[in-house]
Amino acid sequence: MITDLRSLVAPNPLATLTGAMVAEQRLHLHTTRQADFARLLPWPAFNALITFDRLQGGQVRAIRNGHDMPLGMLTARAGRFDHQELAPDSLQAMADMGLSLVINDIHRLVPGIGALAAMVERHLRARAGVNAYVSFRQDSAFGAHWDDHDVLVLQVHGRKRWFCYGQRDAYPMKGAPAVTKIGDAEEPLWSEVLEPGDILYIPRGEFHRAQIEDGYSLHLTIGLAFPRGDDVVRWIGRRCLEDALFRRDISILAGPEALATRQEDLRAALHRAVDDIDLSRFLANADRQRESLKVLNLGLSDPLDPNVVIRPMLRRRLPLPEGTTQLRYGPATTTLTPAERAVLADLLERDAATLAGLIEALPDLPAQDISDAVSGLARKSLVLLSDEPA
């Protein structure tokens, strides 16, 4: 099981990945996590996610040659009331002709992938979202393009060749002035094949595309959106609203002298706000605002097996000092018992543990209290319980 960032990239040193991120340099890693990657999304689990409702709602996209396929080509009318439903034979036929399938925000559909995304966020303090991409022929779902966030590619099944063309503009953003484009015939700066268990880091703004080598491919992309300077500006704006000066109307009715006075007052207040910038406080505030991923643990929390694996679903490491009874994250507030606080604090520090491991790590708490605390956290959707081997 992938429990933390070190285990994700093993046997490579974690510094290899974080160093590439700091330098904003592409990185291809071979890991020993082939079996763990495959368990993240087995083929039967993937197939169960492809439904008419998700295709209709856009969470699942069927793409060929860069274009979304019309829903009518993948569905049929059936049943007593002639309702539309997915046509597996049509979907299979289209897959044989080069169809690709994309599942957006799969971390909200598969709890294990959600736990992975939450773990990555806790380590990097960057917003993480996960998409799944499946291809069955060499045709690419998308041509060469860039993303306005960093990307971690996890190759789960099959093999896929990636082509990277470098960064053309510094820190591009969607909606900003158009960035440099590349020609269809341009040669890539780098090209390699990802095997199951491989990881590819692509820095923000690097043009890239991919195509499978043979048969099929399934990979996950973890999009990493780090906080930016414009987020700091918005944070300053929200804090300024605590001062009545920034909530007052600006009116010309009082005359030019009053307007000039207001201008100087605002300038002085803004200077004070800018001089008071503290990025540690900014990041701590962002941590508190990040909501948790919600999971169900029905039938798993009582009675607990000693070997059950427990993983926190909070996406940030929030402080939980002794005596904490209220946990605030995003819009939610949850009441914790002393045992729940101790168990959750340990889990946030270690990322994952078995019940037996928690009992060993918290010798001052009775074993039954720890078991009850885990069950309570599971019912509050703050942890994911799994019988997957750690």
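Residues numbered from 1 in each chain as written. Predicted model: local features only at pLDDT ≥ 70, side-chain atom pairs only at ≥ 80, totals over all residues. Heavy atoms only, no water.

### Here we look at the overall build of the protein
Then, in step 1: Looking only at helices and strands, one finds 13 helices and 16 strands in the protein.
Then, in step 2: Relative to its full complement of 390 residues, the protein shows a buried share of 47%.
Then, in step 3: The contacts in the protein between residues at least 6 apart in sequence include a share of 78% that link residues at least 24 apart.
Then, in step 4: In the protein, which carries 44 positive and 51 negative side-chain charges, the distance between the mean positions of the two groups comes to 3 Å. (Helix = DSSP H or I, 4+ residues; strand = E, 2+ residues; numbered from the N terminus. Buried < 20%, exposed > 50% of the residue type's maximum accessible area, 1.4 Å probe, protein only. Contact = heavy atoms within 4.5 Å. Lys, Arg positive; Asp, Glu negative; His and termini not counted. Charge placed at Lys NZ, Arg CZ, Asp CG, Glu CD.)

### Brief notes about a nonpolar patch on the surface
Then, in step 1: Among the surface-exposed residues, Ile250, Ile252, Leu253 and Leu259 lie close enough to one another that they form a single nonpolar patch of about 480 Å² accessible area.
Then, in step 2: Here leucine 259 is to be found in helix α9 (residues 256–275).
Then, in step 3: When its relative accessible area of 36% is taken as the criterion, leucine 259 is described as partly exposed. (Patch = residues over 30% accessible without salt bridge, like charges linked within 9 Å, V, L, I, M, F, W, Y side chains within 5 Å. Areas by Shrake-Rupley, 256 points an atom, 1.4 Å probe, with all protein chains shown as cover. Salt bridge = Lys/Arg side-chain N within 4 Å of Asp/Glu carboxyl O.)

### As for the packing of helix α11 (residues 338–350) against helix α13 (residues 367–379)
Then, in step 1: The geometry of α11 relative to α13 is characterised by a closest axis approach of 8 Å and an angle of 80° between their N-to-C directions. Taken together, the axes of α11 and α13 lie roughly perpendicular to each other. Side by side, α11 and α13 meet where Ala339, Glu340, Val343 and Leu344 of the first sit next to Asp369, Ile370, Ala373, Val374, Gly376 and Leu377 of the second.
Then, in step 2: Class assignment of the residues belonging to the contact of α11 with α13 gives a composition of seven nonpolar, one polar and two charged. (Axes fitted to C-alpha atoms, helices over the stretch in contact; angles between N-to-C directions. Parallel < 35°, antiparallel > 145°, perpendicular 65-115°, else oblique. Nonpolar A, V, L, I, M, F, W, Y, C, P; charged D, E, K, R; others polar.)

### Some details on helix α6 (residues 88–96)
Then, in step 1: Listing the buried residues of α6 in full gives Leu91, Met94 and Ala95. The arc enclosing the buried residues of α6, seen along the axis, measures out at 105°, which places them on a common side.
Then, in step 2: Residues of α6 that are buried make contact with β5 (83–86) and β6 (100–103).
Then, in step 3: In the stretch just after α6, glycine 98 is the one whose phi turns positive, near 110°. (Arc of directions from axis to C-beta.)

### What to know about the nonpolar core
Then, in step 1: Residues Leu41, Ile106, Leu154 and Leu220 are the most contacted members of the largest nonpolar core, which totals 52 residues.
Then, in step 2: Here this core takes six residues from helix α7 (residues 111–124), the largest share from any one element.
Then, in step 3: If you look at the next biggest cluster of nonpolar residues, it comprises 26 residues, including Leu320, Val343, Leu382 and Leu385. (Core = buried A, V, L, I, M, F, W, Y, C linked by side-chain atoms within 4.5 Å.)

### With respect to the pairing of strand β14 (residues 332–335)
Then, in step 1: Of the pairings in the sheet, the one linking strand β13 (residues 326–329) to β14 comprises four bridges and is antiparallel in character. Within β14, the residue paired with tyrosine 329 across the bridge is alanine 332.
Then, in step 2: Turn length for the β13-β14 hairpin, with the two strands adjacent in sequence and antiparallel, is two residues, and the turn residue glycine 330 shows positive phi of about 60°. (Pairing = 2+ DSSP bridges.)

### Describing the sheet that holds strand β16 (residues 383–386)
The strands making up a sheet are joined through hydrogen bonds of the backbone, oriented either antiparallel or parallel.
Then, in step 1: Taken together, the three strands give an open sheet; going across it, the order is β15-β12-β16, and neighbouring strands pair in antiparallel fashion. Of all strands in the sheet, those bounded by a partner on one side alone are β15 (353–354) and β16.
Then, in step 2: Running at roughly 85° to strand β12 (residues 309–312), α11 makes contact with β12, β15 and β16 of the sheet.

### What about the pairing of strand β11 (residues 206–225)?
Then, in step 1: In terms of burial, β11 is largely enclosed, as 14 of its 20 residues are buried.
Then, in step 2: Examined bridge by bridge, strand β7 (residues 127–135) and β11 share nine bridges and lie antiparallel to one another. Within β11, the position partnered with valine 130 by the bridge is isoleucine 222.
Then, in step 3: In this structure, strand β8 (residues 150–167) lies alongside β11, joined through 15 bridges in antiparallel fashion.

### Thoughts on the packing of aromatic side chains
Then, in step 1: Tallied over the full model, the rule gives three aromatic pairs.
Then, in step 2: Residues tryptophan 43 and phenylalanine 46 carry aromatic rings whose centres are separated by 5.8 Å and whose planes lie at 90° to one another, so their mutual orientation is edge-to-face. Here the residue tryptophan 43 and the residue phenylalanine 46 both occupy positions in helix α4 (residues 43–49), the gap between them amounting to three residues, near one helical turn.
Then, in step 3: Judged by relative accessible area, which is 23%, tryptophan 43 ranks as partly exposed.
Then, in step 4: For the ring pair tryptophan 43 and tyrosine 216, a centre distance of 5.4 Å and an interplane angle of 85° mean the geometry is edge-to-face. Placement of the pair is tryptophan 43 in helix α4 and tyrosine 216 in strand β11, with a sequence separation of 173 residues.
Then, in step 5: The exposure class of tyrosine 216 is partly exposed, given its relative accessible area of 40%. (Phe/Tyr/Trp six-rings, centres within 6.5 Å; stacked < 30°, edge-to-face > 60°.)

### Let's talk about the pattern of salt bridges
Should the charged atoms of two oppositely charged side chains come close, the side chains can pair.
Then, in step 1: All chains considered together, the criterion is met by 24 salt bridges.
Then, in step 2: Where aspartate 287 meets arginine 316, a salt bridge forms, and the shortest distance between an N and an O atom there is 3.0 Å. Here aspartate 287, found in helix α10 (residues 279–289), pairs with arginine 316, found in the loop between β12 and β13; they are 29 residues apart in sequence, far enough to count as distant.
Then, in step 3: Look at arginine 316 and you get buried, because its relative accessible area is 6%.

### Comments concerning the environment of alanine 356
Then, in step 1: Here alanine 356 is to be found in helix α12 (residues 355–361).
Then, in step 2: In this structure alanine 356 comes out as partly exposed when scored by relative accessible area, which is 35%.
Then, in step 3: Sequence separation between alanine 356 and arginine 288 is 68 residues, and the spatial gap between their C-alpha atoms is 30 Å.

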